Amino acid sequence: MVFSSCARHQVMINASADKPSVSPNSGNIKISLDSTVKPFLKTLQKLQMKVDFSQAMKNTRERLLDAIVDNGFQFIDQPLLPSQANFAPIQEIGDALCIASIEGNIPDNFPNGIYIRNGPNPLFGGFKSTTSMFGRSSHCWIEGEGMVHALYLTKDSHESWIVSYRNKYVETESFKIEKQRNRPSFLPAIEGDSTAISAAYFFNMLRYGKFNKVISNTNVFEHAKKFYSIAENYVPQEIDINTLKTLGNWDMDGAWDRPFTSHPKKAPGTGELVVMGVDAVEPFFVLGVISADGKKLVHKVDLKFKRSSLCHELGVTVKYNVIMDIPLTLNINRLIKGGPLIKYDKDGYARIGVMPRYGDADSVQWFQIKPHCTFHIINCFEDGNEVVVRGCRASASIIPGPEFGLNKFEWFSRGFNPNTTSEDGSFLSRVYEWRLNMKNGEVREQYLTDTSFSMDFPMINEKYSGVRNKYGYLQVVDLVESSNCGMAKYGMVAKLHFDEQATNTVQTKAHSDAADSDSEKPIKVEYHNFGKNTFCSGAVFVSNPEHGSDEDDGWLISYVHNEDTNISQVHIIDTKKFESEAVAKITLPQRVPYGFHGTFASL
């Protein structure tokens with residue numbers, strides 16, 4: 001009625017303007033109204049019917065697809081062994097809870113801040129598999145909706161510590177879909193029979209416009225004083241660091257339209273954020289540089305990869321970007337032909353690329369290296385004519401999981417077994433160094449640690465990212481417990497002294513073969529042991545804000561869980577007294593499952 005009134009008023013104005021000599025005869029006005037308004041209203045009605053019909057068709061299509069999936073696919077809970085109990089998900093606790101149980105003392109000069117860690121926390125009880133006429137597909141162990149856990153440490157006016165904890169799901173688009181439906185909906189699409197994975201891709205795309213869930217469960221990083229949750233199958237999710245509320249996608253106003261690495265790196269000196277995006281379709285690898293204020297994508301380039309290499313991390317130096325291209329690949333054509341979507345090819349080529357910060361594909365200098373699997377880089381820096389790259393190198397990949405027909409538990413158990421040889425596919429990860437000569441193209445590579453321990457999830461003093469550093473910190477795998485469990489458990493943390501040689505070295509019998517014994521001068525390593533049946537995750541280095549002149553002046557902070565008591569804590573370790581007892585152990589109000597990476601945000 002309001003619109004009709006507006007239309008009538010417009011007709012009268014137009015009639016007066018076009019034919020001023022016509023008398024204001026009511027009949028003429030009626031004829032004018034009838035001839036102008038009625039056709040317009042009919043058009044509106046037809047448009048409304050079309051919209052309603054379109055919506056009805058959409059609803060019918062959704063119900064039909066739901067019926068096909070509900071009747072054709074059966075969701076099955078993947079078994080969880082007693083030894084895997086702390087990999088099980090937990091619930092959100094709501095408001096932050098104050099903590100009073102602290103063993104020891106939080107150092108007076110420890111910075112006010114938030115220690116936040118990410119990790120998988122499946123929404124409906126655990127990881128799922130599906131069975132159907134197409135076969136079986138399963139969630140991979142790295143999947144599961146992201147949940148962030150935050151420990152808040154602040155001092156009051158009396159210089160007393162106030163500590164609280166909260167947790168919250170990262171509410172991605174796919175999380176909201178399944179939460180609203182209140183049941184598993186996305187079909188697992190990474191691990192399993194090739195036909196089942198292909199079918200999962202097809203139905204997920206038809207139903208939700210996405211091949212797979214947006215998990216956002218791997219890391220939390222800061223840029224331009226904003227914080228983001230990330231897993232590399234999608235763009236970052238901005239997080240309110242205080243409430244943990246998900247604020248939405250971060251894609252630079254649409255400038256970044258592809259996946260986003262879990263480990264972006266700040267360029268030394270400029271503060272720009274160097275990122276990459278790996279995809280299963282071309283372009284396979286795109287590198288980007290984001291401005292220091294986080295508002296603009298200042299550089300974006302396709303590096304013209306010939307394969308989709310699952311690069312988990314990139315490196316930076318003062319002048320260069322460093323790219324790892326390893327033979328762990330995503331291949332849709334391989335999947336269509338009946339092979340796995342993700343596969344590690346131990347005989348495939350491996351290379352490291354070094355390029356200027358704003359270079360293109362032609363500017364990359366490639367160095368051929370020995371095949372390996374490296375997910376995490378410790379640091380990169382320039383040393384004369386050489387670019388030095390240090391990372392965690394293994395002879396096999398722990399992602400995605402067992403090949404066709406193999407028992408998942410047995411496959412993982414064998415990989416963690418300390419008696420497994422490298423030819424069998426060992427997950428033993430050691431610290432490794434590549435020295436890339438930019439002048440003559442030569443490569444020197446060697447192990448820096450022996451085979452006594454497997455290490456990964458590295459961290460450093462971030463002030464030294466991209467420049468020469470003396471120290472690094474890693475989580476140490478308990479190979480026996482991990483083999484018994486079939487999942488990685490980290491029973492210690494290690495402090496690496498890159499400029500000091502070890503006085504005693506150990507080479508286990510299983511790893512004394514020629515391929516893995518090329519470490520002539522292992523570096524010094526200190527270990528901090530959490531104790532029997534106690535394991536850590538998400539460890540982070542926190543620099544001492546009062547001194548900080550020494551690279552290793554600070555603390556390691558980590559989530560720690562005791563499987564005997566089922567109690568979770570946060571431990572603070574003095575990195576100057578690394579092998580000593582933690583200076584503070586903060587008991588949390590609930591169990592915290594093992595997870596992945598974290599960060600510390602000073603306030």
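Residues numbered from 1 in each chain as written. Predicted model: local features only at pLDDT ≥ 70, side-chain atom pairs only at ≥ 80, totals over all residues. Heavy atoms only, no water.

Observations concerning the sheet that holds strand 25 (residues 373–383)
- Strands sit in the order 25-26-27-28 across an open sheet of four strands; the sheet is antiparallel. Across the chains shown, the open sheet's two edge strands, defined by having one partner strand only, are strand 25 and strand 28 (443–447). Mean inter-strand twist for the sheet, computed between neighbouring axes without regard to direction, equals 20°.
- Alignment of strand 25 against strand 26 (residues 386–394), held across eight bridges, turns out to be antiparallel. Directly across from Cys373, in strand 26, lies its bridge partner Ala394. (Pairing = 2+ DSSP bridges. Helix = DSSP H or I, 4+ residues; strand = E, 2+ residues; numbered from the N terminus. Axes fitted to C-alpha atoms, helices over the stretch in contact; angles between N-to-C directions.)

Some thoughts on the sheet that holds strand 19 (residues 314–316)
- Across the sheet, which stays open at both edges, the four strands sit in the order 19-20-23-24 with antiparallel pairing between neighbours. Strands at the two margins of the open sheet, each flanked by one partner only, are strand 19 and strand 24 (365–369). With strand direction ignored, the average angle separating the axes of adjacent strands in the sheet is 20°.

A word on helix 3 (residues 173–181)
- Among the residues of helix 3, Ser174, Phe175 and Glu178 are the ones counted as buried. All buried residues of helix 3 fall inside an arc of 105° around its axis, so they share one side. Residues of helix 3 that are exposed and point more than 90 degrees away from the buried face comprise Lys179 and Gln180.
- Elements that come into contact with the buried residues of helix 3 comprise strand 8 (161–169).
- Just beyond helix 3, the residue with positive phi is Asn182, at close to 60°. (Buried < 20%, exposed > 50% of the residue type's maximum accessible area, 1.4 Å probe, protein only. Arc of directions from axis to C-beta. Contact = heavy atoms within 4.5 Å.)

What to know about the pattern of salt bridges
- For the coordinates displayed, the defined rule picks out 28 salt bridges.
- As a salt-bridge pair, Lys213 and Glu145 come within 2.6 Å of each other at their nearest N and O atoms. Separated by 68 residues along the polypeptide, Lys213 in the loop between helix 4 (194–208) and strand 10 (219–223) and Glu145 in the loop between strand 6 (135–138) and strand 7 (147–155) bring together distant segments of the chain. The two residues Lys213 and Glu145 agree in class, both being buried.
- For Glu222, the salt bridge identified is with Lys266, shortest N-O distance 2.8 Å. Of this pair, Glu222 sits in strand 10 while Lys266 sits in strand 14 (residues 265–266), placing them 44 residues apart in sequence. (Salt bridge = Lys/Arg side-chain N within 4 Å of Asp/Glu carboxyl O.)

Side note on the packing of aromatic side chains
- One pass over the full model with this rule turns up 31 aromatic pairs.
- Centroid distance Trp411 to Phe412: 4.9 Å. Interplanar angle 85°. Geometry classified as edge-to-face. In terms of burial, Trp411 and Phe412 fall into one category: buried.
- Here the aromatic rings of Phe416 and Phe427 are separated by 5.1 Å at their centres, their planes lie at 75°, and the arrangement is edge-to-face. Taken together, the positions of Phe416 in helix 6 (residues 408–416) and Phe427 in the loop between helix 6 and strand 27 (430–437) put the pair eleven residues apart, joining distant regions of the chain. (Phe/Tyr/Trp six-rings, centres within 6.5 Å; stacked < 30°, edge-to-face > 60°.)

Thoughts on the nonpolar core
- Trp141, Ile398, Phe416, Val493 and Leu556 are the most contacted members of the largest nonpolar core, which has 55 residues in total.
- Broken down by element, the residue count for this core peaks at five residues, all from helix 4.
- Those residues within four positions of Phe416 in sequence are excluded, and the remaining contacts are Ile398, Phe427, Val477, Leu479, Ser482, Ser483, Gly486, Met487 and Ala488.
- Listed in part, the 26 residues of the second largest apolar core include Ile106, Met147, Trp161 and Tyr165. (Core = buried A, V, L, I, M, F, W, Y, C linked by side-chain atoms within 4.5 Å.)

Looking at the pairing of strand 13 (residues 246–249)
- Where strand 12 (residues 237–239) lies against strand 13, three bridges are found, and the strand directions are antiparallel. Bridge pairing in strand 13 places Glu238 opposite Gly248.
- Counting the residues between successive antiparallel strands, the hairpin from strand 12 to strand 13 contains six residues, one of them, Leu244, with a positive phi of roughly 70°.

Regarding the UniProt feature "binding site: Fe cation" (unreviewed entry) in the protein chain
- As recorded in UniProt, the sites labelled "binding site: Fe cation" (unreviewed entry) are His263, His312, His376 and His597. The greatest C-alpha distance among the residues just named is 12.7 Å, despite their covering 335 residues of sequence, which places them together in space.
- Secondary-structure assignment places His312 in the loop between strand 18 (308–309) and strand 19.
- Once you skip the residues sitting within four places of it in the chain, His312 turns out to touch Thr218, Glu232, Thr261, Ser262, His263, Met276, Phe375, His376 and His597.
- Of note, His597 is situated in the loop between strand 36 (584–587) and strand 37 (598–602). (UniProt positions renumbered as here; feature names shortened; annotations may be inferred.)

Let's talk about the pairing of strand 5 (residues 128–132)
- The element strand 5 is largely enclosed, with a buried count of four among its five residues.
- Relative to strand 6, strand 5 runs antiparallel, the two being bridged by four bridges. Bridged to Thr130 within strand 6 is Ser137.
- Hairpin connection from strand 5 to strand 6: two residues lie between these consecutive antiparallel strands.

Description of the environment of Thr449
- Of note, Thr449 is situated in the loop between strand 28 and strand 29 (454–459).
- In the structure, Thr449 is positioned 20 residues away from Ser429 in sequence and 9.7 Å away in space, judged by C-alpha atoms.
- A polar contact of 3.1 Å, which involves the side chain of Thr449, links it to the backbone nitrogen of Val431. (Polar contact = N/O pair within 3.5 Å; in protein donor to acceptor, adjacent residues only side chain to side chain.)

Some details on the side chain of Lys265
- In this structure, Lys265 sits in strand 14.
- Within the local environment of Lys265, its side chain forms a polar contact with the side chain of Glu313, the two groups lying 2.9 Å apart.
- A polar atom in the side chain of Lys265 sits 2.9 Å from the backbone oxygen of Leu314.

Describing the environment of Tyr527
- As for its position among the elements, Tyr527 is in strand 32 (residues 523–529).
- Expressed as a C-alpha distance, the spacing of Tyr527 and Met492, which sit 35 residues apart in the sequence, is 6.6 Å.
- If we ignore the near neighbours within four places in the chain, the residues touching Tyr527 are Ser452, Phe453, Met455, Val476, Met492, Val493, Ala494, Phe578 and Glu579.

Describing the confidence of the model for the protein chain
- In the predicted model, the protein chain carries a mean pLDDT of 89, and the fraction of residues at 70 or more is 87%.
- Counting contacts from residues 1–33, a segment whose pLDDT is below 50, to residues more than four positions away or on other chains yields eleven contacts.
- Per-residue pLDDT stays below 50 along residues 507–517; that stretch engages in 21 contacts with residues further than four places along the chain or on separate chains. (pLDDT = per-residue confidence, 0-100.)

A word on unusual backbone geometry
- A cis geometry characterises the amide bond from Glu282 onward to Pro283, with omega recorded as -5°.
- Its location among the elements puts Pro283 in the loop between strand 15 (273–278) and strand 16 (285–290).
- A cis amide bond links Ile399 to the next residue, Pro400, at an omega of 10°.
- By the secondary structure assignment, Pro400 is in the loop between strand 26 and helix 6.
- Unlike most non-glycine residues, Asp253 shows phi in positive territory, near 55°.
- Topologically, Asp253 is positioned in the loop between strand 13 and strand 14.

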